[in-house]
Amino acid sequence: MHLAILRTGQTNKAISDSFPDYPEMFARLLNRSASDSQHPRFTFTSFAVFDGELPAHINDFDGYILTGSAAGVYETHSWLEPLFAFIRACDAAKKPICGICFGHQAVAKALGGEVVKWPDGWGVGVRDMQAADKPDWMAQMKEFSLIYFHQDQVTKLPAGAKAIATSPFCAIGGFAKDGHIFCLQGHPEFGADYSAALLETIRGRVGDARTDSALASLTRRTDAEIVASWIGDFFTHSQKAEALSAVSAG
């Protein structure tokens, strides 16, 4: 399956020499096993959306991953409106798209939801989410943990979307729509080492107390591998549904 990674951000320049950029992080996440590394389940092409790059047509790829970003969806960057239009086209055609962090927020915003800068500040470090109203392709878990880096939150879902993850700090920590949209606020692609380095880089913005607490949390095990399997199963399920739909239409 050939996926496009829509890069809305990149590894912080202060640490970019020591860590891979987002496309490599996602490739490692989704093709992690030994068998996948020899016979990849997914192949990837990346687009620097922040430089104005987008696929020519939504059918050029089997699905899309929308990455995190330092930008806010309510800002005035020239690349945001073309991205929102691309997301709406994917939604109309039921083309599978998975949004992570900023990607989660961008999909919500593009489809009529609301996103705000959270008044209680940053959500950083390893945090727990309660799973709710899970699609069939999600494992039956009551709770899962991921690494988080965000100061914005989705506060209103688009029409037809259902919240699939929640916590006291972040009420909409994930959502899905039909079988073609899957979005999460957390970062399954981030490792502890990268997260620790990033936290130190943005300590001045996050604050010492919250940074130190987040650093301490990175010793905890996360459910990144399980969430990676959800993402893989989401794209596989969506592809099968798209094929069945095409057969029915024919």
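None of these values were measured; they are calculated from a predicted model.

S.K.: Please clarify how the pattern of salt bridges should be interpreted in this entry.
M.R.: Within this structure, the stated rule accounts for eleven salt bridges. The shortest N-O distance in the salt bridge between Asp21 and Arg7 comes to 2.8 Å. Of the two residues, Asp21 is situated in the loop between strand E1 (2–7) and helix H1 (22–30) and Arg7 in strand E1; the sequence distance between them amounts to 14 residues. The shortest N-O distance in the salt bridge between Asp128 and Arg220 comes to 2.7 Å. Taken as a pair, Asp128 in strand E6 (residues 123–131) and Arg220 in the loop between helix H7 (208–217) and helix H8 (224–249) lie far apart in primary sequence, 92 residues in all. Accessibility expressed as a relative area gives 37% for Arg220, which makes it partly exposed. Each of the salt bridges in this network shares a partner with another, and the network as a whole consists of Glu200, Arg203, Asp208 and Asp212.

S.K.: Is there a simple way to think about the packing of helix H3 (residues 80–93) against helix H4 (residues 102–110) in this case?
M.R.: A packed helix pair is summarised by two numbers, namely the angle formed by the two axes and the spacing between the axes. At their nearest, the axes of H3 and H4 sit 9 Å apart, and the two run at 75° to each other. Classified by the interaxial angle, the pair formed by H3 and H4 is roughly perpendicular. On H4, the residues touching Leu80, Leu83, Phe84, Ile87 and Arg88 of H3 are Phe102, Ala106, Val107, Lys109 and Ala110.

S.K.: Please clarify how the layout of surface pockets should be interpreted in this entry.
M.R.: Any space left empty among the atoms is revealed by the rolling of a water-sized probe across them. A volume near 600 Å³ is recorded for the largest pocket. What lines the largest pocket is a set of 32 residues, among which Tyr22, Gly68, Ser69, Ala70 and Ala71 lie closest to the centre. Here the lining of the largest pocket is built from residues that sort into 14 nonpolar, 13 polar and five charged.

S.K.: Help me out: how do you make sense of the environment of Asp128 in this one?
M.R.: Exposure remark for Asp128: the relative accessible area of 29% places this residue in the partly exposed category. Not counting the four nearest positions on each side in its chain, Asp128 is found in contact with Glu143, Phe144, Ser145, Ser167 and Arg220. Among the polar contacts listed, one links the side chain of Asp128 to the side chain of Arg220, at a separation of 2.7 Å.

S.K.: Would you explain the side chain of Ser145 in this entry?
M.R.: Here Ser145 shows up in strand E7 (residues 143–150). Ser145 gets classed as buried once you look at its relative accessible area, which sits at 4%. Contacts of Ser145, omitting those with residues within four sequence positions, involve Val126, Arg127, Asp128, Arg220, Arg221, Thr222, Asp223 and Ala224.

S.K.: How should the sheet that holds strand E3 (residues 63–66) be read in this particular structure?
M.R.: Strand pairing in a sheet takes place through backbone hydrogen bonds and is either antiparallel or parallel in direction. Pairing is mixed in the open sheet, where nine strands are placed in the order E2-E1-E3-E4-E11-E10-E9-E6-E7. Either end of the sheet is taken by a strand with one partner, and the two such strands are strand E2 (43–48) and E7. If you compare each strand with its neighbour and ignore which way they point, the axes differ by 25° on average. For strand E10 (residues 174–177) and strand E11 (residues 181–184), the ladder comprises four bridges, and the chain directions are antiparallel. By the bridge assignment for E11, Ala176 is matched with Phe182. Strand contacts of H3: E1, E3, strand E4 (97–100), E10 and E11, with the helix running at about 140° to E3, the strand carrying the most contacts.

S.K.: Just to check I follow, could you spell out the packing of aromatic side chains for this structure?
M.R.: Describing an aromatic ring pair means giving the distance of the ring centres and the angle of the ring planes. A complete count under the given rule lists 13 aromatic pairs for this structure. Between Phe47 and Phe61, the ring centres sit 5.6 Å apart and the planes meet at 80°, which makes this aromatic pair edge-to-face. A residue pair is termed long-range when its members are at least 10 positions apart, and Phe47 in strand E2 and Phe61 in the loop between E2 and E3 qualify at 14 residues. The same class applies to Phe47 and to Phe61, which are both buried. Taking the centre distance of 5.9 Å and the plane angle of 70° together, the rings of Phe149 and Phe190 count as edge-to-face. Placement of Phe149 in strand E7 and of Phe190 in the loop between E11 and helix H5 (192–201) is noted, with a sequence separation of 41 residues between them. Among the aromatic side chains, those forming a connected cluster through ring pairs are Phe19, Tyr22, Phe149, Phe190 and Tyr194. Between the NZ or CZ atom of Arg127 and the centre of the ring of Phe169, over which it lies, the distance is 4.4 Å.

What counts and what doesn't
- Residues numbered from 1 in each chain as written.
- Predicted model: local features only at pLDDT ≥ 70, side-chain atom pairs only at ≥ 80, totals over all residues.
- Heavy atoms only, no water.
- Salt bridge = Lys/Arg side-chain N within 4 Å of Asp/Glu carboxyl O.
- Helix = DSSP H or I, 4+ residues; strand = E, 2+ residues; numbered from the N terminus.
- Buried < 20%, exposed > 50% of the residue type's maximum accessible area, 1.4 Å probe, protein only.
- Axes fitted to C-alpha atoms, helices over the stretch in contact; angles between N-to-C directions.
- Parallel < 35°, antiparallel > 145°, perpendicular 65-115°, else oblique.
- Contact = heavy atoms within 4.5 Å.
- 1 Å grid on protein atoms, 1.4 Å probe; cavity = no way out; pocket = protein on both sides within 12 Å on 5 of 7 lines; lining within 4 Å.
- Points joined across faces, edges and corners; volume = space filled by probe spheres on them.
- Nonpolar A, V, L, I, M, F, W, Y, C, P; charged D, E, K, R; others polar.
- Polar contact = N/O pair within 3.5 Å; in protein donor to acceptor, adjacent residues only side chain to side chain.
- Pairing = 2+ DSSP bridges.
- Phe/Tyr/Trp six-rings, centres within 6.5 Å; stacked < 30°, edge-to-face > 60°.
- Lys NZ or Arg CZ within 6 Å of the ring centre and 35° of its normal.

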